Amino acid sequence: MKKIASFTVNHLNLLPGIYVSRKDYVGDEVITTFDIRMTAPNKEPVINTAELHTIEHLAATFLRNHKEYGEKTIYWGPMGCRTGNYLLLKGDYESKDILPLMIELFEFIRDYKDAVPGASPRDCGNYQDMNLTMANYEAKRYLDRCLYVIKEENLVYPE
Ligand SMILES: [Zn+2]
């Protein structure tokens, strides 16, 4: 089998950031897949499952309710390696286009203190696997060291 595009990214020098992972053409529409990378792969600790799961519930809820991007949101989900998330949006975008949206999203997660949406046995397959305090922490860390001070190297994949 052929190596898929996301495995050809050089993870050795990959920094936290926002990257365009791929663009897919479905009929006349373009779907942009973003790599929302929160930790440096193989150099820093990965995000624990409970906080990544909490980030998933909060991000999906926030994005699908967003007045501009709600209708464009196809998918948000965690990476299996637990160093970040994938976001799929309808439309043709560059990584910097969604920086304001990601700041808005991660400020929402950083400041969120209520019950996690969908964290119930009816709505989720592992509803007790949540850690809101650490999700708040991870969102703040991503904002402070990456999104608020973003550089070109955090927006374009390394060679
Ligand atoms: Zn869940």
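One structure accompanies this document, and this report is about it. (Residues numbered from 1 in each chain as written. Predicted model: local features only at pLDDT ≥ 70, side-chain atom pairs only at ≥ 80, totals over all residues. Heavy atoms only, no water.)

**Section: the coordination of the zinc ion**
- Ligation of the zinc ion by protein atoms is provided by His 53 (NE2), His 57 (NE2) and Cys 124 (SG), these donors lying 2.0 to 2.3 Å from the ion.
- For His 53, a relative accessible area of 12% gives the class buried. (Donors = N, O, S within 2.8 Å, 3.2 Å for Na, K, Ca; no water. Buried < 20%, exposed > 50% of the residue type's maximum accessible area, 1.4 Å probe, protein only.)

**A word on the nonpolar core**
- Counting residues in hydrophobic clusters, the biggest one holds 35 residues, and the most contacted among them are Ile 18, Ile 36, Trp 76, Met 102, Phe 106 and Leu 147.
- The set of elements that each furnish at least two residues to this core consists of strand 2 (29–37), helix 1 (49–64), strand 4 (84–90), helix 2 (99–111) and helix 3 (132–145).
- Examining the composition of this core, we find that 7 residues originate from one element, helix 2, more than from any other.
- Among residues more than four places away in sequence, those in contact with Phe 106 are Ile 36, Met 38, Ile 55, Trp 76, Ala 139, Tyr 142, Leu 143 and Leu 147. (Core = buried A, V, L, I, M, F, W, Y, C linked by side-chain atoms within 4.5 Å. Helix = DSSP H or I, 4+ residues; strand = E, 2+ residues; numbered from the N terminus. Contact = heavy atoms within 4.5 Å.)

**A few points about the packing of helix 2 against helix 3**
- In the contact formed by helix 2 and helix 3, the axes pass within 7 Å of each other and the chain directions differ by 145°. Read as a crossing pair, helix 2 and helix 3 show a hand that is left-handed. Listed contacts from helix 3 to Ile 103, Phe 106, Glu 107, Ile 109 and Arg 110 of helix 2 are Ala 135, Asn 136, Ala 139, Lys 140, Tyr 142 and Leu 143.
- Looking at the contact of helix 2 with helix 3 residue by residue, the classes come out as 7 nonpolar, 1 polar and 3 charged. (Axes fitted to C-alpha atoms, helices over the stretch in contact; angles between N-to-C directions. Left-handed = near helix turned anticlockwise from the far one by under 90°. Nonpolar A, V, L, I, M, F, W, Y, C, P; charged D, E, K, R; others polar.)

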